[in-house]
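Chain residues, written in single-letter form:
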Amino acid sequence: MVLSDHDIKIEIEKGRIVLDPFCAELIQPASIDVRLGNDFRVFRNSDHVAIDPELHQPDLTEQIIVSDGDAFVLHPGQFVLGTTLERICVPDDVLGKLEGKSSLGRLGLMIHSTAGYIDPGWNGQITLELSNVANLPILLRPGMRIGQISFERMSSPVDVPYGAPGLGSHYQGQVGATAGSPLTRPGVARG
């Protein structure tokens, strides 16, 4: 069941759902808006011939911090990582779903490729997968409303929430735009 604005407010008041910094004006009828942070990661395509999802490539991306009052220019066809301004926490019986704002989607901005789920037990900022599918650059200003999160109550609390020991939750507690971790194939040891 998707939580209404009424239930989102109750969950926030109880401290079960956390958005920090919190702004009550961001609450929508069935979601809460999130804002864009100032931390971006751009791919260093001049230094790499390919992305290998099974290798650790620590210098694959470069951090860009946008100063207050400035904008990040997202060029047509460009893909970068960004972050939400807010740190988000959800309890072990609530799932969050991140979606873009329709007003930005109509301009050609996509905010996630695949990572739209916020697992029960999540705590951290959300890394955004920003793509410009328009034919003109898009100016991204820190603090702008960039997406919205809806929340669904689970049928029961999960047995193993995100971040639990042994689960391999790579991104729990992340701050800022966070580059991806190498994938592992079942039965293949990584060195």
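Only a predicted model underlies this, so the values are computations on that prediction, with no experimental measurement involved. (Residues numbered from 1 in each chain as written. Predicted model: local features only at pLDDT ≥ 70, side-chain atom pairs only at ≥ 80, totals over all residues. Heavy atoms only, no water.)

**A closer look at the overall build of the chain**
Okay, so step 1: A tally of regular secondary structure across the chain gives 2 helices and 12 strands.
Okay, so step 2: Taken from the N to the C terminus, the helices and strands of the chain come in the order α-β-β-β-β-β-β-β-α-β-β-β-β-β.
Okay, so step 3: Whereas a compact globule of 191 residues would reach a radius of gyration of roughly 16 Å, the chain reaches 17 Å, a difference of no more than 12%.
Okay, so step 4: Considering the chain as a whole, with its 191 residues, one finds that 38% of them fall into the buried category.
Okay, so step 5: Pairs at least 24 residues apart make up 75% of the contacts formed inside the chain by residues separated by at least 6 positions.
Okay, so step 6: By element, 53% of the accessible surface of the chain is carried by carbon and sulfur atoms, the whole surface being about 10500 Å².
Okay, so step 7: Of the charged side chains in the chain, 15 are positive and 23 negative, and the gap between their average positions amounts to 3 Å. (Helix = DSSP H or I, 4+ residues; strand = E, 2+ residues; numbered from the N terminus. Rg over C-alpha atoms; globule rule 2.2 N^0.38 Å. Buried < 20%, exposed > 50% of the residue type's maximum accessible area, 1.4 Å probe, protein only. Contact = heavy atoms within 4.5 Å. Areas by Shrake-Rupley, 256 points an atom, 1.4 Å probe, with all protein chains shown as cover. Lys, Arg positive; Asp, Glu negative; His and termini not counted. Charge placed at Lys NZ, Arg CZ, Asp CG, Glu CD.)

**A closer look at the sheet that holds strand S2 (residues 32-35)**
Okay, so step 1: Strand order in the open sheet made by the 4 strands is S2-S12-S7-S9, with antiparallel pairing throughout. Each edge of the open sheet carries a strand with a single partner, namely S2 and strand S9 (117-118).
Okay, so step 2: Alignment of S2 against strand S12 (residues 145-153), held across 4 bridges, turns out to be antiparallel. Note that in S12 the partner of Arg 35 across the bridge is Arg 145. (Pairing = 2+ DSSP bridges.)

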